[in-house]
Amino acid sequence: MSVWLQILDTAGAALVLIGAAICLLGVIGMLKLPDVLSRSHAATKPQALGMLIVLAGVALRLRSGMDLATLALIGFFQLMTGPVAAHLVARSAYRTGQVDHGELLFDDLDEQLTEEH
């Protein structure tokens, strides 16, 4: 094995560990944060970043064209579906009254939900 391949493998392993640690911090945030909106934030931001770093580490390890294309698709679909799902959960929590309106800095939905048509 050449020195460059060993460096790539080591860097890939380090990226996988860093990404897993970031995902773990997101999970701890989901367990410790008090309300739905905070948990929704913890479910998307660190998870998306951690997942991208893990995918980059795996890409450094695998290095074949088909594997890289598969990893790119995984990253794309995860980034498209994760924030959308968190937004829908937060919006449904708002509509069912599980959000403390006193904690919000801006409440753009209040005007939309109270308008008479």
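Keep in mind it's a predicted model, so treat the numbers as computed, not measured.

Draft legend 1. Up close: the overall build of the protein. Within the protein, the secondary structure is distributed over four helices and zero strands. The linear arrangement of helices and strands in the protein, starting from the amino end, is α-α-α-α. Expressed as lengths along the three principal axes of its C-alpha atoms, the size of the protein is roughly 70 × 30 × 20 Å. Per-residue burial over the protein gives 20% buried out of 117 residues. In the protein, the proportion of contacts linking residues at least 24 apart, taken out of those at least 6 apart, comes to 59%. For the protein, the centre of its 7 positive side-chain charges and the centre of its 11 negative side-chain charges are spaced 16 Å apart.

Draft legend 2. Up close: the UniProt feature "transmembrane region" (unreviewed entry) in the protein. Here, UniProt's "transmembrane region" (unreviewed entry) annotation points to residues 12-31 and 68-90. Secondary structure content for residues 12-31 is 100% helix and 0% strand, and the end C-alpha separation is 29 Å. In residues 68-90, the share of helix is 100% and the share of strand is 0%. The end C-alpha atoms are 33 Å apart.

Draft legend 3. Region of interest: the layout of surface pockets. Its volume calculated, the largest pocket comes out at about 370 Å³. In terms of lining, the largest pocket is formed by 15 residues, of which the most central are Leu37, His87, Ala90, Arg91 and Leu109. At six residues, helix α3 (residues 65-95) tops the list of elements feeding residues into the lining of the largest pocket. In terms of residue class, the lining of the largest pocket is built from eight nonpolar, four polar and three charged.

Draft legend 4. Quick peek at the packing of helix α2 (residues 36-62) against α3. Put simply, α2 and α3 touch, their axes get as near as 10 Å, and they point 180 degrees apart. It follows that α2 is roughly antiparallel to α3 by the angle criterion. Considered class by class, the residues forming the contact of α2 with α3 number 18 nonpolar, five polar and one charged.

Draft legend 5. Region of the structure containing the packing of aromatic side chains. The full count for this structure, using the stated rule, is one aromatic pair. Note on Phe76 and Phe77: the rings are 5.2 Å apart at their centroids and 70 degrees apart in plane angle, and the pair reads as edge-to-face.

Draft legend 6. Just the confidence of the model for the protein, in detail. Per-residue confidence for the protein averages 88 on the pLDDT scale, and 94% of its residues sit at or above 70. The least confident element of the protein is helix α4 (residues 108-114), whose mean pLDDT is 66; the most confident is helix α1 (residues 3-32), at 94.

Draft legend 7. View of the pattern of salt bridges. Enumeration over the complete set of coordinates arrives at two salt bridges. A salt bridge links Asp9 to Arg61, with the shortest nitrogen-to-oxygen separation between them at 3.5 Å. Of this pair, Asp9 sits in helix α1 while Arg61 is found in helix α2, placing the two residues 52 residues apart along the sequence. For Asp9, a relative accessible area of 16% corresponds to the buried category. For Arg63, the salt bridge goes to Asp9, with nearest N and O atoms at 3.2 Å. Taken together, the positions of Arg63 in the loop between α2 and α3 and Asp9 in helix α1 put the pair 54 residues apart, joining distant regions of the chain. A relative accessible area of 32% means that Arg63 is categorised as partly exposed.

About the criteria used
Residues numbered from 1 in each chain as written. Predicted model: local features only at pLDDT ≥ 70, side-chain atom pairs only at ≥ 80, totals over all residues. Heavy atoms only, no water. Helix = DSSP H or I, 4+ residues; strand = E, 2+ residues; numbered from the N terminus. Buried < 20%, exposed > 50% of the residue type's maximum accessible area, 1.4 Å probe, protein only. Contact = heavy atoms within 4.5 Å. Lys, Arg positive; Asp, Glu negative; His and termini not counted. Charge placed at Lys NZ, Arg CZ, Asp CG, Glu CD. UniProt positions renumbered as here; feature names shortened; annotations may be inferred. 1 Å grid on protein atoms, 1.4 Å probe; cavity = no way out; pocket = protein on both sides within 12 Å on 5 of 7 lines; lining within 4 Å. Points joined across faces, edges and corners; volume = space filled by probe spheres on them. Nonpolar A, V, L, I, M, F, W, Y, C, P; charged D, E, K, R; others polar. Axes fitted to C-alpha atoms, helices over the stretch in contact; angles between N-to-C directions. Parallel < 35°, antiparallel > 145°, perpendicular 65-115°, else oblique. Phe/Tyr/Trp six-rings, centres within 6.5 Å; stacked < 30°, edge-to-face > 60°. pLDDT = per-residue confidence, 0-100. Salt bridge = Lys/Arg side-chain N within 4 Å of Asp/Glu carboxyl O.

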